[in-house]
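Spelled out from the first residue to the last, the chains are:
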Amino acid sequence: MKRISVFCGSSFGTDEIFREQAELLGKTLAKQNIDLVYGGANVGLMGAVADGALSENGTVIGVLPNFLRSKEIAHLGLTELILVENMHERKMKMNDLCDGVIALSGGFGTLEELFEMLTWSQLGLHKKPIAILNINGFYDSLIALSKTMVEKGFMKDVYLEMLLVSDNIDDLLHQMKNYTAPTVTKWINKDKV
């Protein structure tokens with residue numbers, strides 16, 4: 001894995017551990033020579049993961065919609081800042097640039113990005129590992145809901161296995177490096193999308 005996209009909150013949350021783990025993830029990626037691709041902002045967990053990677057001389061590529069740049073949240077110390085027109089282009093560009101995805105704690109935007117990547121994988125549009133760093137049990141309820149989707153017949157068990165989860169960065173990266181996408185795909189053919 002050469003590049004990982006990280007989706008996360010633009011705030012720090014209520015517990016210091018969220019910021020600490022975001023910064024540690026950035027440092028760990030840099031130490032393992034894995035480039036960081038992220039949303040391009042200097043605020044919240046986004047800024048922390050970027051600063052962590054930069055502190056270890058890592059390569060950090062930000063992808064930021066133009067309308068957010070005008071709000072003066074662009075991180076000015078990045079290796080590269082790519083400006084796009086809108087949020088959808090941001091996700092597409094981040095997907096194009098990465099070999100895998102990690103979601104840290106965040107809000108609706110983080111969830112939307114995570115679920116879009118999962119859906120694209122489910123539809124066979126990519127075979128990249130998608131992971132959650134479950135800091136302090138933040139995603140426990142979401143994981144439980146995902147299991148309920150399987151139990152109630154709204155999702156196949158094999159799709160639940162696409163979501164890699166750990167509360168430990170090294171373990172999560174190990175899972176990602178050893179990930180094999182499921183062979184089962186939805187009824188949509190990639191060439192017809």
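Quick summary incoming for the structure in this document.

Thresholds, definitions, all that
Residues numbered from 1 in each chain as written. Predicted model: local features only at pLDDT ≥ 70, side-chain atom pairs only at ≥ 80, totals over all residues. Heavy atoms only, no water. Axes fitted to C-alpha atoms, helices over the stretch in contact; angles between N-to-C directions. Helix = DSSP H or I, 4+ residues; strand = E, 2+ residues; numbered from the N terminus. Parallel < 35°, antiparallel > 145°, perpendicular 65-115°, else oblique. Left-handed = near helix turned anticlockwise from the far one by under 90°. Contact = heavy atoms within 4.5 Å. Nonpolar A, V, L, I, M, F, W, Y, C, P; charged D, E, K, R; others polar. Pairing = 2+ DSSP bridges. Buried < 20%, exposed > 50% of the residue type's maximum accessible area, 1.4 Å probe, protein only. Right-handed = clockwise from strand over helix to strand, strands pointing away.

## Side note on the packing of helix α4 (residues 87-97) against helix α5 (residues 108-122)
Axis angle and axis distance: for two packed helices, these are the angle between their axes and the distance between the axes, and together they describe the pair.
Move 1: Running from amino to carboxyl end, α4 crosses α5 at an angle of 55°, the nearest separation of the two axes being 11 Å. Between α4 and α5, the angle is such that the two are oblique. α5 is crossed by α4, and the crossing has right-handed handedness. Counting all contacts with α4, which are made through H88, R90, K91, M92 and N95, the residues of α5 involved are E112, E113, E116, M117 and W120.
Move 2: Looking at the contact of α4 with α5 residue by residue, the class counts come to three nonpolar, two polar and five charged.

## Some words on the sheet that holds strand β3 (residues 60-65)
Move 1: Here seven strands make up an open sheet; going across it, the order is β4-β3-β2-β1-β5-β6-β7 and the pairing parallel. The open sheet has two edge strands, β4 (80-84) and β7 (163-166), and neither has a second partner. When the angles between neighbouring strand axes are averaged without regard to direction, this sheet yields 25°.
Move 2: Each of β1 (3-7), β5 (100-103), β6 (130-133) and β7 is contacted by helix α8 (residues 169-177), which is oriented at about 155° to β7, the strand it contacts most.

## Some points on the pairing of β1
Move 1: Among the five residues in β1, four count as buried, and that is most of the element.
Move 2: Pairing of β1 with strand β2 (residues 35-38), which is carried by three bridges, proceeds in the parallel orientation. Counterpart to I4 in the pairing with β2 is L36.
Move 3: For the handedness criterion, the β-α-β arrangement of β1, helix α1 (residues 16-31) and β2 is classed as right-handed.
Move 4: Relative to β5, β1 runs parallel, the two sharing four bridges. Bridging from a neighbouring strand, S5 pairs with V101 of β5.

Everything listed here is a matter of coordinates, which is why it stays silent on function.
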